[in-house]
Each structure stands twice: as C-alpha cells, then as structure tokens.
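The residues making up each chain are set out below.
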Amino acid sequence: MSLEEYKGVWVFLEHRDGQIVPVSLELLGAGRQLADKRGVPLAGILIGDRVRPLCETAFQYGADQVYLYDDPIFADYRTESYMRAVIACVQKHKPETILYGATSTGKDLASAVATDLETGLTADTTMLDVEQETGLLQASRPAFGGNIMATILCKKHRPQMATVRPKVMKALPPDPERRGEIIAESLPLREQDIRTKVLKIIRETQSKVRLDEADIIVAGGKGLGSKEGFQLMHRFAEAIGATVGASRDAVEAGWIDHAHQVGQTGVTVTPKIYFAIGISGAIQHLVGMQNSGLIIAINKDPQAPIFQSCHYGIVGDAFEIVPLLIEAFQSAVGK
Ligand code: FAD
C-alpha cells in the first residue's frame, strides 16, 4: 500500500429525522483542524435518501466537499449497504483519515469498514491530532480501565479511522455564507443484494434522561451511603432545576438507573455547572465530565482526587452542606 496516495480528512455524516446529528457537526470542527494542519480538504460522506439539503449544513459547519450517496436504497441505516457505499468511496477517492461519531451507527459502520479494508480503527477517541509532515493520526483514548491515556497510531494502513465520543469535540459556529462542492456518487446496489430488511422502526416512548443536554448536573456518588441518602441529590436537583447524574458505584449499588451514569462507561457531559457530591474523582468518572463549564466538588476527604479537577471544592459532609445549599438557594429565589 502506498500511503502517499491517500489524502484528505473525511467525516461520516450521520443523520436522523432529516438533520445531521450533533456529533457529526462536532467532528467537522475537529476534522477542520486536522485538515488545516495538513493543508488538505475536509470532506463529509453523506449516505441516505433525499438528504442532499444536508450538504449545505455540512458546508456551514466546515466541510469543503461532500461525497453524496442519495438513493432510496439508503433510506434506513443498514450495515451492509452503508459499508459498501463507504468502501466504494474510499477505494475511489482514497482519504487519509475518516472520523465517525461513537454512536451505535458510527461504531457499527466504522468497525465493518475497518474489517473489510483491513485498516486500523481507534474506538471512543477523546483527543485527536495529526503529524503535520506525515499525516499520521494521533487518536488518544483512556486505556487499561482509564488509568492511562493511550495514543494510538495506524502506521501502515490507510485510511486511518477513529470513532469519537459525542460532546468531546467542539463544532464550529455555523457560517451561513460558506459553500462547498457536492460530489454525487452512486452504487449499483439492488434491494435483493442486501440481506437485512428494515421491517419497522419502533421509537422509544419512555422519555429518556438527557444528561448530555443538561445545563446543570447534580451528580452523586458512593459517598451518599444508601439509596435513601441518594434522595438528597433529587431534592437538590429539584431545588436548583438540575438533572441528576451519578458515578458508576452509585449506579452499581442500585441507587439510580444506569441512564444517569457519567463517565467512561456512561454519558459524556458538558453542562455549565457540574456538582460532584460524594464522588472520589476516578479517571473513569473524570473523562465524562471534565469539560464542564464549572465543576463544584463536595467531599469529606480533603485528599479526594476530585479536588484536583474542580473549580471550587467544599470539604465536608454532603448531608450537612447540601441542605444548606438548598436552603440558601430557596431563600435567594424567595421560595
Ligand atoms: P468512591 O470512589 O467510593 O468515592 C466515594 C467518595 O465519597 C469518597 O471520596 C469519599 O471521601 C466521599 N464521601 C464519603 N462520605 C461522604 C459524605 N458524607 N459527604 C461527602 N463525601 C463523602 N466510574 C464512573 O463514575 N463512571 C464510569 O463510567 C466508570 N466507568 C468505568 C469503567 C471501567 C473499565 C472501570 C474499571 C471503572 C469505571 N468506573 C466508572 C469506576 C471508577 O473507577 C470508580 O470506581 C467510581 O467512579 C467510584 O465511584 P465513587 O466516586 O462514587 O465512589
């Protein structure tokens, strides 16, 4: 394989309900930086049915080009059809790097493409950089249970690929004046060539906790001692209009559902304010909340590692401090 033949940075543009999903816009922001450092174009790869208008969004968020597969056969995501489109496009245009959101779709597609192309894929990346001279992607992610950050390189194969967690990279502010080039692609794919059929899409009716969209999160940990103790988090969250988050240990103790877990094996969050209460500050927790605007930690152990990663730290017992905060807030707003 001649690595020099491969040029350009691509972002797989995932879309849902007629819109590009936020993580793909974030990746256009990250991809823009990589492409600029290398002096190459940034392209999106967009696959779907009647999705052409989304190319404009991609241009506004930083793409120079979009490779477009617009065909009814791509109406629903199916691994087989989408991977064949990506692979055909890669073989034709030879990108150096491809980024995917670490969503169910992105992870499924990226691993299928990597296997078929026999190239490398770094999963759940949290930092990206590129060697200016060689174009070698430096994809970093927590490894060995989060105890170290590993930077993973793909030295011998192209394209080099990574999935990136939502909310880790920053989207550029959209520029409505920005234009780009649409490169229409097609694939001679027939319905009978695809083994999977989408019979019905059943949407979840239960309202899900949207931790990743919350402005204020009150997260509780093992330090709250019991399910009853954890109720204090709900009272605090209600008082200040926050969403409740939790450490894995609190979830594993059965005090709250996994949907509320923040961290490496939970949700990555970036609220304006994050309260970490009775949480020690393990790296696996920190990777999920360290980009919050303001981090306030309450812990009775002055040596707790969370105090190294917060903006304000309160050393003390959560059961004394949180009721005082609730009271202070309620009297401030006149309740
Ligand atoms: P602890 O570490 O037990 O800390 C409790 C803290 O509460 C202590 O600092 C203590 O001083 C304080 N405390 C006790 N009583 C009080 C009180 N009355 N008032 C105030 N403070 C008090 N963890 C996550 O959170 N999210 C993840 O996604 C995640 N993924 C993981 C993935 C892997 C592969 C592995 C190996 C681990 C993962 N973990 C994750 C677990 C992580 O390593 C820690 O074990 C976990 O975050 C600890 O939770 P904690 O801080 O609630 O509990």
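About the thresholds
Residues numbered from 1 in each chain as written. Predicted model: local features only at pLDDT ≥ 70, side-chain atom pairs only at ≥ 80, totals over all residues. Heavy atoms only, no water. Helix = DSSP H or I, 4+ residues; strand = E, 2+ residues; numbered from the N terminus. Buried < 20%, exposed > 50% of the residue type's maximum accessible area, 1.4 Å probe, protein only. Contact = heavy atoms within 4.5 Å. Areas by Shrake-Rupley, 256 points an atom, 1.4 Å probe, with all protein chains shown as cover. Pairing = 2+ DSSP bridges. Right-handed = clockwise from strand over helix to strand, strands pointing away. Phe/Tyr/Trp six-rings, centres within 6.5 Å; stacked < 30°, edge-to-face > 60°. Near = heavy atom within 4 Å. Polar contact = N/O pair within 3.5 Å; in protein donor to acceptor, adjacent residues only side chain to side chain. Expected span 1.5 Å × (residues − 1). Axes fitted to C-alpha atoms, helices over the stretch in contact; angles between N-to-C directions. Parallel < 35°, antiparallel > 145°, perpendicular 65-115°, else oblique. Left-handed = near helix turned anticlockwise from the far one by under 90°. Nonpolar A, V, L, I, M, F, W, Y, C, P; charged D, E, K, R; others polar. Core = buried A, V, L, I, M, F, W, Y, C linked by side-chain atoms within 4.5 Å.

J.: Which parts of the structure should I look at to understand the overall build of the protein chain?
T.: The helix and strand tally for the protein chain stands at eight helices and 17 strands. Expressed as a percentage of its 335 residues, the buried residues of the protein chain come to 49%. The contacts in the protein chain between residues at least 6 apart in sequence include a share of 64% that link residues at least 24 apart. Accessible surface, the protein chain as shown: approximately 16,700 Å² in total, 50% of it carbon and sulfur.

J.: Would you explain the pairing of strand S14 (residues 243-246) in this entry?
T.: Within a regular strand, side chains alternate between the sheet's two faces. Here strand S13 (residues 216-220) runs beside S14; their pairing, made up of four bridges, is parallel. Its bridge partner being in S14, Val218 is matched across the sheet by Val244. As for the winding sense of the linkage, the β-α-β connection from S13 through helix H5 (residues 227-240) to S14 is right-handed.

J.: Quick question: what am I supposed to make of the packing of aromatic side chains here?
T.: One pair of aromatic rings is described through two measures. These are the centre distance and the angle between the planes. Inspection of every chain in the model, using the stated rule, returns seven aromatic pairs. Relative to Phe74, the ring of Tyr69 lies with its centre 6.1 Å away and its plane at 80 degrees, an arrangement referred to as edge-to-face. Classification of Tyr69 by relative accessible area gives buried; the value is 1%. A residue is classified by how much of its surface remains accessible, and Phe74, at 2% relative accessible area, is buried. Between Phe236 and Phe275, the ring centres sit 5.0 Å apart and the planes meet at 70 degrees, which makes this aromatic pair edge-to-face.

J.: Looking at this structure, I do not really get the site of the ligand. What am I missing?
T.: Surrounding the ligand, one finds 25 residues, the nearest of these being Lys222, Ser247, Thr265, Ser280 and Asn299. Between an oxygen atom of the ligand and a side-chain N or O atom of Gln261, the distance comes to 2.9 Å. The side chain of Ser280 places a nitrogen or oxygen atom 2.6 Å from an oxygen atom of the ligand. Against a free-state accessible area of 970 Å², the protein chains account for coverage of 78% of the ligand. Those elements that provide at least two residues to the shell around the ligand are helix H6 (248-252), helix H7 (283-286) and helix H8 (318-332).

J.: Looking at this structure, how should I read helix H1 (residues 22-38)?
T.: One turn of the α-helix equals 3.6 residues, which is why residues spaced by three or four share an orientation. In this model, H1 (17 residues) spans 25 Å end to end at C-alpha, consistent with the 24 Å of a helix rising 1.5 Å per residue. The buried count for H1 comes to 12 of 17 residues, which makes it a mostly enclosed element. Within H1 the residues assigned to the buried category are Val23, Ser24, Leu25, Glu26, Leu27, Leu28, Gly29, Ala30, Gly31, Arg32, Leu34 and Ala35. Of the residues trailing H1, Gly39 is marked for its positive phi of about 70 degrees.

J.: Just to check I follow, could you spell out the packing of helix H3 (residues 79-93) against helix H4 (residues 104-117) for this structure?
T.: The angle between the axes and the distance between the axes are what describe a pair of packed helices. Orientation of H3 relative to H4, taken along the N-to-C sense of each, is 50 degrees, at an axis distance of 9 Å. Here H3 is positioned oblique relative to H4, judged by the angle of their axes. The handedness of the crossing between H3 and H4 comes out as right-handed. Facing Thr79, Tyr82, Met83, Val86, Ile87, Val90 and Gln91 of H3, the residues of H4 in contact are Asp108, Leu109, Ala112, Val113, Asp116 and Leu117. Of the residues assigned to the contact of H3 with H4, the class counts are nine nonpolar, two polar and two charged.

J.: Looking at this structure, I do not really get the sheet that holds S14. What am I missing?
T.: Each strand in a sheet pairs with its neighbour through backbone hydrogen bonds, running either in the same direction (parallel) or in the opposite one (antiparallel). Within the open sheet, the five strands sit side by side as S14-S13-S15-S16-S17. Their pairing is parallel. Of all the strands in the sheet, just S14 and strand S17 (312-315) have a single pairing partner and so form its edges. Taken over all neighbouring pairs, the strand axes of this sheet differ in orientation by 20 degrees on average, direction set aside. Where H8 meets the sheet, it contacts strand S15 (273-277), strand S16 (294-299) and S17, and its direction lies at approximately 135 degrees from that of S16.

J.: Looking at this structure, how should I read the nonpolar core?
T.: Side chains of nonpolar character tend, in soluble globular proteins, to be buried together. Ranked by size, the top nonpolar core spans 33 residues in total, and within it Leu28, Leu46 and Leu128 carry the most contacts. Secondary structure elements with two or more residues in this core: strand S1 (9-12), H1, strand S4 (42-48), helix H2 (54-60), strand S5 (65-70), strand S8 (127-130), strand S9 (137-143) and strand S11 (160-164). If you tally residues by element for this core, the top one is H1, at seven residues. In contact with Leu128, other than residues within four places in its own chain, are Ala30, Leu34, Leu99, Leu137, Gln138, Ala139, Ala162, Val164 and Met169. Core analysis: the next-biggest nonpolar cluster, separate from the first, contains 29 residues, Ile45, Ile47, Val86 and Val90 among them.

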